Amino acid sequence: MWRGLWTLVARAARGPRRPCARQGSGARAPGSGATIFALSSGQGRCGIAVIRTSGPASGHALRSLTAPRELPRARSASLRLLTDPRSGEPLDRALVLWFPGPHSFTGEDCAEFHVHGGPAVVSGVLQALGRVPGLRPAEAGEFTRRAFAHGKLSLTEVEGLADLIHAETEAQRRQALRQLDGELGQLCRGWAETLTKALAHVEAYIDFGEDDNLEEGILEQADSQVRELEVALDTHLRDARRGQRLRSGAHVVVTGPPNAGKSSLVNLLSRKPVSIVSPEPGTTRDVLETPVDLAGFPALLSDTAGLREGQGPVEQEGVRRARERLEQADLILAVLDASDLASPSSCNFLDTVVTPAIARSPNGNSQRLLLVLNKSDLLPPGGPDLSPELPPHLLLSCLTGAGLDGLLEALRKELAAVCGDPSTGPPLLTRARHQHHLQACLDALGHYRRATDVALAAEALRVARGHLARLHGGGGAEEILDIIFRDFCVGK
Amino acid sequence: MFSLRGCGRWVAASLAKQHLPPARLSGDSAAPWTPHYDVVVVGGGHAGTEAAAAAARCGSRTLLLTHRVDTIGQMSCNPSFGGIGKGHLMREVDALDGLCSRICDQSGIHYKVLNRRKGPAVWGLRAQIDRKLYKQNMQKEILNTPLLTVQEGAVEDLILTEPEPEHTGKCRVSGVVLVDGSKVYADSVILTAGTFLRGMIVIGLEMHPAGRLGDQPSIGLAQTLEKLGFVVGRLKTGTPPRIAKESINFSILNKQTPDNPSIPFSFINETVWIKPEDQLPCYVTHTNPRVDEIILENLHLNSHIKETTKGPRYCPSIESKVLRFPNRIHQVWLEPEGIDSDLIYPQGLSVTLPAELQEKMITCIRGLEKAKMIQPGYGVQYDYLDPRQITPSLETHLVQRLFFAGQINGTTGYEEAAAQGVIAGINASLRVRRKPPFVVSRTEGYIGVLIDDLTTQGTNEPYRMFTSRAEFRLSLRPDNADSRLTFRGNSSLSLPIRFTLLSDLSHYILSCLLLGYKEAGCVSQQRYERASWMKSSLEEGISMLKSIEFSSSKWKKLIPEASISMGKVLSLRALDVLKYEEVDLELLAKAVPEPLKKYTQCRELAERLKIEATYETVLFYQQQEIKDIQRDEALQLPKDLDYLTLRDVSLSHEVREKLHFSRPQTIGAASRIPGVTPAAIVNLLRFVKTIQQRQAAMNELPKTDHCLCDTDRLEERQL
């Protein structure tokens with residue numbers, strides 16, 4: 001019985017909104033019978049990246065990428081040339097391993113590809129896997145859940161599973177936010193809107209077409225919307241530029257009230273003058289990003305505007321961007337002026353940013369935060385006279401460099417946790433997911449065009465919308481009814 | 001049939017019942033001669049009649065209590081049944097041997113299937129119904145149902161006793177108190193109060209208490225429920241004026257004729273009672289800017305529209321249409337109220353203006369220039385109970401053995417009410433016999449979608465069924481409701497196995513050992529056999545169609561009418577050919593008479609095979625998803641969990657509150673409650689598993705172990 005439970009969790013964890021039931025007409029995906037793949041090595045610097053698959057089509061996937069040869073001997077490494085099954089292009093010379101179920105990590109047929117760690121190779125292999133029929137990118141925590149489902153983990157080992165799923169979902173959400181923050185995000189939102197509206201109109205035509213007088217031509221309108229969407233998706237998928245620059249590494253965001261010394265800290269950590277520093281509050285107005293190596297981990301350090309209200313429009317925009325960036329951070333470096341802790345801006349910052357972030361993660365599984373008290377050199381020499389209610393913190397002086405070693409050590413611990421977890425979203429994987437769902441959406445739109453039965457056509461749109469919902473959220477039946485009742489005068 | 005009048009009550013019992021005592025004496029706690037029934041149903045509307053009949057079909061001695069026997073089966077609003085989504089519900093009610101479909105086949109005066117061109121999954125069976133005939137036929141059916149007694153009386157209060165310790169709930173209902181102070185004892189009580197709970201009728205600025213025009217509201221009962229701690233909300237609905245038929249100029253209006261042949265609602269009927277040529281037409285007219293003016297100029301005289309009581313997002317009244325979609329013309333259907341009725345029901349003109357303004361508005365509509373208004377339209381405002389307070393078997397969380405069905409749960413429409421009635425009736429009866437509840441999953445039927453939506457999401461507008469609410473719309477079709485539900489209605493074998501309390505578990509083991517599975521038994525033998533025959537014929541037919549395989553060029557020669565493409569696919573199964581829009585089984589059987597000819601002899605079978613072919617590909621994928629969801633729904637949560645104080649499981653306060661209020665019975669239902677996170681679900685699962693292990697360790701009965709293993713296996717097979 002316990003065995004059955006876990007397909008549910010698998011589905012539940014696909015997102016905060018459930019695919020089944022109301023949400024369900026939207027976000028549907030192949031059930032537990034699907035074969036999943038993911039990059040399972042972390043983001044730290046490494047020469048080898050490990051890509052894993054699990055599920056019945058693993059063997060097929062392995063053969064597809066290694067040319068139609070015999071499967072390698074079970075559980076022993078063999079060297080193979082990986083090629084893209086569609087184009088025949090060589091991808092990499094890699095070690096492959098074949099673990100037939102049930103003697104594998106998940107209990108299902110599994111395959112592992114140990115490829116050279118460069119982004120181009122990893123990306124190429126992920127994309128090639130995404131094109132093998134029956135394969136799809138794994139959802140958060142899905143490998144672990146499958147392992148559990150097949151009795152490969154004990155109940156105690158699963159204690160942390162809920163937390164893990166939560167953390168992975170959160171991490172994926174943050175990663176998706178980053179990806180969607182920009183051109184692609186806007187495109188996705190636009191597509192989802194168009195599709196939802198088209199579906200709502202087809203549904204209205206089905207549910208109200210005859211008794212109530214809907215305007216003429218709503219179906220034709222939906223048809224042309226779908227056709228436009230097909231063109232847009234197709235163009236996007238063919239676009240060789242692939243839209244966005246991938247920003248890899250752990251996202252570390254430095255935040256705090258104005259003039260706490262955030263920019264000084266960024267400059268100190270990156271060992272170059274990235275940001276302009278001045279004694280004047282509100283010097284930094286935009287988000288300044290710099291890729292750095294922090295304690296051995298790749299990180300993207302963002303300096304942000306000091307959080308305060310009511311200044312000029314440019315600074316307010318800076319503050320808005322700062323808050324937005326805060327949402328997306330893997331690790332927050334909260335900086336306060338140690339000599340100025342009683343000021344309203346410091347207190348306000350502690351209440352609105354630090355405390356909620358700490359409260360949100362009782363198990364340390366949500367967003368991580370380090371509280372840094374800067375300007376320790378300004379504290380009276382008789383030892384710091386700090387309030388005992390302050391959350392755990394580190395003392396630092398950007399001016400003298402005192403406390404830097406302690407900070408780097410703390411950073412090393414935090415980043416090891418962030419980067420060691422492959423789900424914190426290698427952008428490559430996120431991109432593979434995007435492509436997979438966009439392609440599936442496009443395929444479903446093709447079914448819509450060919451359907452002669454309106455109920456079948458609507459079903460195709462529901463499936464298509466489900467795939468977009470995976471990228472963008474949403475997808476409930478209520479949303480459809482809202483549009484119907486907004487756009488049409490129906491009801492008895 | 002005998003009847004007796006006395007003390008302002010009227011009792012009718014069926015012929016079959018004469019052999020049984022009409023009521024058995026209740027136990028020592030009650031005064032002598034106090035009647036005692038298995039199930040008492042309060043209300044004789046569409047939910048009440050279905051509930052009472054279903055309980056009686058299941059073998060429970062049942063009493064139907066209604067204000068007036070002559071209003072049993074009254075269609076208080078529109079003179080029609082069915083429609084898109086609603087027709088689906090009727091077919092499902094029929095598959096469980098409910099009444100409304102069969103009564104409609106005897107009482108309709110204009111049968112028309114909507115959505116004919118949009119695919120069989122969304123066909124909407126619909127008919128104009130003769131109100132008088134419907135009421136007559138329904139009363140005949142109710143008064144002749146074995147084990148069912150009818151009595152007049154208004155229920156004022158509930159009799160409550162100590163709760164059964166093995167179930168949750170703070171008390172147990174054991175009967176009802178009538179207005180005259182007399183008591184009726186019962187093992188289960190079903191409330192189908194419709195719009196009667198603190199009902200208020202509104203016309204213009206006038207408001208007066210009434211459940212329906214001319215009927216008293218139930219105020220005492222509403223107070224009782226509120227005192228018990230039920231969360232009560234308020235909804236509003238309305239009905240249009242009625243117009244004298246002879247005062248309408250039909251000659252200038254568009255006429256709509258019924259279907260020929262008529263499609264019956266019930267699976268067991270081949271035809272309806274009336275020939276198409278004897279049926280009555282409907283007419284359509286439209287509003288105009290003058291109507292808008294009258295409404296907009298007189299909003300200050302229209303308290304129903306001004307009131308804050310929540311109305312639906314859709315447009316139930318002409319006022320809401322004019323306000324939300326100004327400068328448009330709106331359709332008005334002129335529907336006959338009966339074969340010999342001189343009234344016309346103007347569907348689309350629901351209005352609550354003062355009566356004289358209603359008449360003024362009507363007469364500026366084309367065809368109605370000289371119309372005489374016989375009865376004004378009016379609005380109704382009434383109490384409903386937040387449906388998250390009931391389980392999917394429609395029993396309340398708070399009071400054991402108390403069931404709610406129909407508008408009291410926040411729904412609107414006859415069909416929605418009837419659907420809940422059947423389920424409440426079956427479950428009230430099962431509850432009395434200590435059997436597991438009968439729950440229809442949202443993967444099995446629109447009834448399941450309806451009840452799942454209500455119990456997990458609640459509603460703040462009158463809930464109406466739409467096909468867009470069903471995620472498995474292509475599987476839940478009007479044509480296959482019998483295959484989906486009739487077998488379930490007949491037997492409890494396929495019910496998900498539930499061990500929600502330890503006592504349930506031991507009870508289950510006992511019943512397995514001693515009694516075996518007993519039938520839920522709400523379905524007649526005749527219906528069961530018909531559905532079985534149809535199901536096996538379909539299965540046989542589909543495998544036959546799959547087995548016939550020719551090259552596409554041969555098919556092209558055999559059926560030149562079909563636009564078979566000569567593409568890449570070399571060979572095609574007969575089933576694939578049947579998918580073409582222009583191919584039906586008749587045509588296919590002409591091409592391949594052996595062995596297909598025999599499937600064309602039953603028209604329904606031939607049509608259903610065609611439909612199965614149309615959706616075959618998609619159904620294959622839907623079946624996978626349905627299995628996944630059913631697996632979650634087989635995972636029962638203990639009913640007696642106190643989510644607010646539960647300490648061994650990490651849940652946020654918000655999630656606890658939500659779980660506490662809705663009390664989901666399965667993991668599947670819990671995961672559909674808005675705001676319940678995946679992590680919370682995992683924690684719940686882990687918690688449930690841990691207590692199950694603890695219980696298993698405590699009860700190391702060899703039999704228990706054995707049975708648990710069996711269950712595991714059973715479940716796997718079932719899934």
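Residues numbered from 1 in each chain as written. Chains lettered and ligands numbered in written order. Predicted model: local features only at pLDDT ≥ 70, side-chain atom pairs only at ≥ 80, totals over all residues. Heavy atoms only, no water.

Visitor: I'd like a rundown of the overall build of chain B, residues and numbers included.
Guide: If you tally the helices and strands in chain B, you get 23 helices and 26 strands. For chain B, restricting intrachain contacts to residue pairs at least 6 apart in sequence, the fraction spanning at least 24 positions comes to 73%. Summed over its atoms, the accessible surface of chain B is roughly 27,700 Å², and 55% of this surface lies on carbon and sulfur atoms. (Helix = DSSP H or I, 4+ residues; strand = E, 2+ residues; numbered from the N terminus. Contact = heavy atoms within 4.5 Å. Areas by Shrake-Rupley, 256 points an atom, 1.4 Å probe, with all protein chains shown as cover.)

Visitor: Would you mind going over the overall build of chain A in detail, with residue names and values included?
Guide: For chain A, the helix and strand inventory stands at 16 helices and twelve strands. Evaluated residue by residue, chain A yields a buried proportion of 57% over its 492 residues. Contacts in chain A between residues far apart in sequence, at least 24 positions, make up 66% of those at least 6 positions apart. On chain A, roughly 20,100 Å² of surface is accessible, and the fraction owed to carbon and sulfur atoms is 54%. (Buried < 20%, exposed > 50% of the residue type's maximum accessible area, 1.4 Å probe, protein only.)

Visitor: Can you lay out the packing of helix α10 (residues 414-432) of chain B against helix α11 (residues 446-457) of chain B for me, pointing to particular residues and giving the numbers?
Guide: Residues and elements named next belong to chain B. Interaxial distance between α10 and α11 falls to 10 Å at its minimum, and their mutual angle equals 90°. Taken together, the axes of α10 and α11 are roughly perpendicular relative to one another. Contact residues: Glu 416, Ala 419, Gln 420 and Ile 423 in α10; Ile 447, Leu 450, Ile 451 and Leu 454 in α11. A per-class count over the contact of α10 with α11 returns six nonpolar, one polar and one charged. (Axes fitted to C-alpha atoms, helices over the stretch in contact; angles between N-to-C directions. Parallel < 35°, antiparallel > 145°, perpendicular 65-115°, else oblique. Nonpolar A, V, L, I, M, F, W, Y, C, P; charged D, E, K, R; others polar.)

Visitor: With reference to specific residues and values, describe the sheet that holds strand β4 (residues 90-99) of chain A.
Guide: Residue and element names in this part refer to chain A. Across the sheet, six strands lie side by side as β3-β4-β5-β2-β1-β6; this open sheet has mixed pairing. Each end of this open sheet is capped by a strand with a single partner; those strands are β3 (78-83) and β6 (135-137). Neighbour-to-neighbour, the strand axes of this sheet turn through a mean angle of 30°, independent of strand direction. For strand β1 (residues 35-39) and strand β2 (residues 48-54), the ladder comprises four bridges, and the chain directions are antiparallel. Among the inter-strand pairings, Ala 38 is bridged to a residue of β2, identified as Arg 52. (Pairing = 2+ DSSP bridges.)

Visitor: I'd like to hear about the packing of aromatic side chains, residue by residue, with values.
Guide: Evaluation of the coordinates by the stated rule reveals 13 aromatic pairs over all chains. Relative to Tyr283(B), the ring of Phe250(B) has its centre 4.4 Å away and its plane inclined at 35°; by these criteria the two rings are tilted. Of the two residues, Phe250(B) is situated in the loop between β16 (242-244) and β17 (254-256) and Tyr283(B) in strand β18 (residues 282-286); the sequence distance between them amounts to 33 residues. Residue Phe250(B) shares its accessibility class with Tyr283(B), and that shared class is buried. The structure contains a cluster of three or more aromatic residues connected by ring pairs, namely Phe208(A), Phe485(A), Tyr314(B) and Phe466(B). The ring of Trp123(B) carries Arg116(B) above its face, with NZ or CZ at 4.6 Å from the centroid. Lying across the ring of Tyr205(A), Lys118(B) places its NZ or CZ 4.0 Å from the centre. (Phe/Tyr/Trp six-rings, centres within 6.5 Å; stacked < 30°, edge-to-face > 60°. Lys NZ or Arg CZ within 6 Å of the ring centre and 35° of its normal.)

Visitor: Can you break down the pairing of strand β13 (residues 200-203) of chain B residue by residue, with the values?
Guide: Residues and elements named next belong to chain B. Note: β13 against strand β14 (residues 206-209), four bridges, orientation antiparallel. Directly across from Ile 203, in β14, lies its bridge partner Glu 206. The turn linking β13 back onto β14 is made up of two residues, and Gly 204 within it adopts a positive phi angle of 60°.

Visitor: So, the packing of helix α2 (residues 86-95) of chain B against α10(B): which residues are in play, and what are the values?
Guide: All names here are of chain B. At a minimum axis distance of 9 Å, the contact between α2 and α10 shows a crossing angle of 25°. Overall, the two elements α2 and α10 adopt an arrangement that is roughly parallel. Considering how the two elements wind past one another, α2 and α10 form a crossing that is left-handed. On α10, the residues touching Lys 86, Leu 89, Met 90 and Val 93 of α2 are Glu 415, Glu 416, Ala 418, Ala 419 and Val 422. (Left-handed = near helix turned anticlockwise from the far one by under 90°.)

Visitor: Tell me what's going on with the sheet that holds strand β22 (residues 378-385) of chain B, and back it up with residues and numbers.
Guide: Each strand in a sheet pairs with another by means of backbone hydrogen bonds, the pair being arranged parallel or else antiparallel. Residue and element names in this part refer to chain B. Reading across the sheet, the four strands line up as β14-β13-β22-β15 and stay open at both edges, with antiparallel pairing between neighbours. Looking at which strands have only one partner, the edges of the open sheet turn out to be β14 and β15 (232-239). Across the sheet, the axes of successive neighbouring strands diverge by a mean angle of 25°, strand direction being ignored. As judged from the eight bridges shared by β15 and β22, these two strands associate in the antiparallel manner. Directly across from Thr 239, in β22, lies its bridge partner Tyr 378.

Visitor: Report on the side chain of Asn409(B), specifying residues and quantitative values.
Guide: Residues and elements named next belong to chain B. Inspection of the secondary structure puts Asn 409 in the loop between β24 (402-404) and α10. A relative accessible area of 0% means that Asn 409 is categorised as buried. At 3.1 Å, the side chain of Asn 409 forms a polar contact with the backbone oxygen of Phe 404. Once residues lying within four places of it in the same chain are set aside, the contact partners of Asn 409 are Tyr 384, Leu 385, Pro 387, Ile 390, Phe 404, Gln 420, Leu 454 and Thr 459. (Polar contact = N/O pair within 3.5 Å; in protein donor to acceptor, adjacent residues only side chain to side chain.)

Visitor: So what about α10(B)? Which residues, and what values?
Guide: Residue and element names in this part refer to chain B. In a regular helix each residue adds 1.5 Å, so 19 residues correspond to 27 Å; α10 covers 27 Å between its end C-alpha atoms and thus fits that length. Counting buried residues along α10, 19 of its 19 residues qualify, which places the element largely inside the surrounding structure. Two residues or fewer after α10 comes Arg 434, characterised by a positive phi angle close to 60°. (Expected span 1.5 Å × (residues − 1).)

Visitor: Requested: an account of the pairing of β18(B), with residues and values cited.
Guide: Residue and element names in this part refer to chain B. Within β18, four of the five residues are buried, leaving the element largely enclosed by the surrounding structure. Note: β17 against β18, three bridges, orientation antiparallel. Residue Gln 256 lies in a different strand from β18, and its bridge partner there is Cys 282. Two strands pair when backbone bridges link them, and β18 and strand β19 (residues 331-336) are joined in this way by four bridges, in the antiparallel orientation. Paired with Val 284 across the two strands is Trp 333, which belongs to β19.

Visitor: Residue-level account of the confidence of the model for chain A, with values.
Guide: All names here are of chain A. Of all residues in chain A, 74% have pLDDT values of 70 or greater, and the mean over the chain is 76. This model gives residues 1-31 a pLDDT under 50, and the stretch forms 111 contacts once residues within four places in sequence are excluded. Across residues 361-365, where pLDDT falls below 50, the model places six contacts with residues more than four positions away in sequence or in other chains. (pLDDT = per-residue confidence, 0-100.)

Visitor: Give a detailed account of helix α11 (residues 313-328) of chain A, specifying residues and quantitative values.
Guide: When the terminal C-alpha atoms of α11(A) are compared, their 23 Å separation across 16 residues agrees well with the 22 Å that a helix rising 1.5 Å per residue should span. Turning to α11(A), its buried residues number three or more, namely Glu315(A), Gly318(A), Val319(A), Ala322(A), Arg325(A), Leu326(A) and Gln328(A).

Visitor: Residue-level account of the nonpolar core, with values.
Guide: Nonpolar side chains in soluble globular proteins tend to be buried together. Counting residues in each nonpolar core, the largest one holds 104 residues, and the members touching the most others are Val176(B) and Leu402(B). In terms of residue count, α10(B) provides more of this core than any other element does, eleven residues in total. Not counting the four nearest positions on each side in its chain, Val176(B) is found in contact with Val40(B), Val42(B), Leu65(B), Val155(B), Asp157(B), Leu158(B), Ile159(B), Ser182(B), Lys183(B), Val184(B) and Val189(B). Counting residues in hydrophobic clusters, the runner-up holds 51 residues, among them Ile218(A), Phe488(A), Tyr314(B) and Phe466(B). (Core = buried A, V, L, I, M, F, W, Y, C linked by side-chain atoms within 4.5 Å.)

Visitor: Tell me about the environment of Ala440(A), residues and numbers included.
Guide: Here Ala440(A) is to be found in helix α14 (residues 427-450). Distance from Ala440(A) to Gly466(A), taken between C-alpha atoms, is 9.7 Å for residues 26 residues apart in sequence.

Visitor: Got a sec to walk through the pattern of salt bridges? Specific residues and values, please.
Guide: Residue and element names in this part refer to chain B. Scanning the entire structure with this criterion turns up 58 salt bridges over all chains. For Asp 482, the salt bridge is made with Arg 608, and the minimal N-O distance between the two is 2.8 Å. Placement of the pair is Asp 482 in helix α12 (residues 481-490) and Arg 608 in helix α19 (residues 603-633), with a sequence separation of 126 residues. The class for Asp 482 is buried, based on a relative accessible area of 2%. Each member of the salt-bridge network shares a partner with another, and the members are Glu 164, Glu 166, Glu 395, Arg 401, Arg 431 and Arg 434. (Salt bridge = Lys/Arg side-chain N within 4 Å of Asp/Glu carboxyl O.)

Visitor: Can you tell me about the side chain of Asp383(B), naming the residues and giving the values?
Guide: All names here are of chain B. Relative to the assigned elements, Asp 383 resides in strand β22. Residue Asp 383 is classed as buried on the basis of its relative accessible area, which comes to 4%. Side-chain polar atoms of Asp 383 contact the side chain of Arg 234, separated by 2.7 Å. Not counting chain neighbours up to four residues away, the residues in contact with Asp 383 comprise Leu 197, Arg 198, Ala 222, Val 232, Gly 233 and Arg 234.

Visitor: I'd like to hear about unusual backbone geometry, residue by residue, with values.
Guide: Where the residue is not glycine, phi is negative for most of them; where a peptide bond is considered, it is trans in most cases. Cis rather than trans, the peptide bond between Gly101(A) and Pro102(A) has omega equal to 0°. Here Pro102(A) is to be found in the loop between β4 and β5 (110-116). Phi is positive for Asn259(A), which is not a glycine, with a value near 65°. Even without glycine at this site, Arg663(B) takes up a positive phi of about 45°. Along the chain, Arg663(B) turns up in the loop between α20 (653-662) and α21 (667-672). By relative accessible area, Arg663(B) is classed as buried at 16%.

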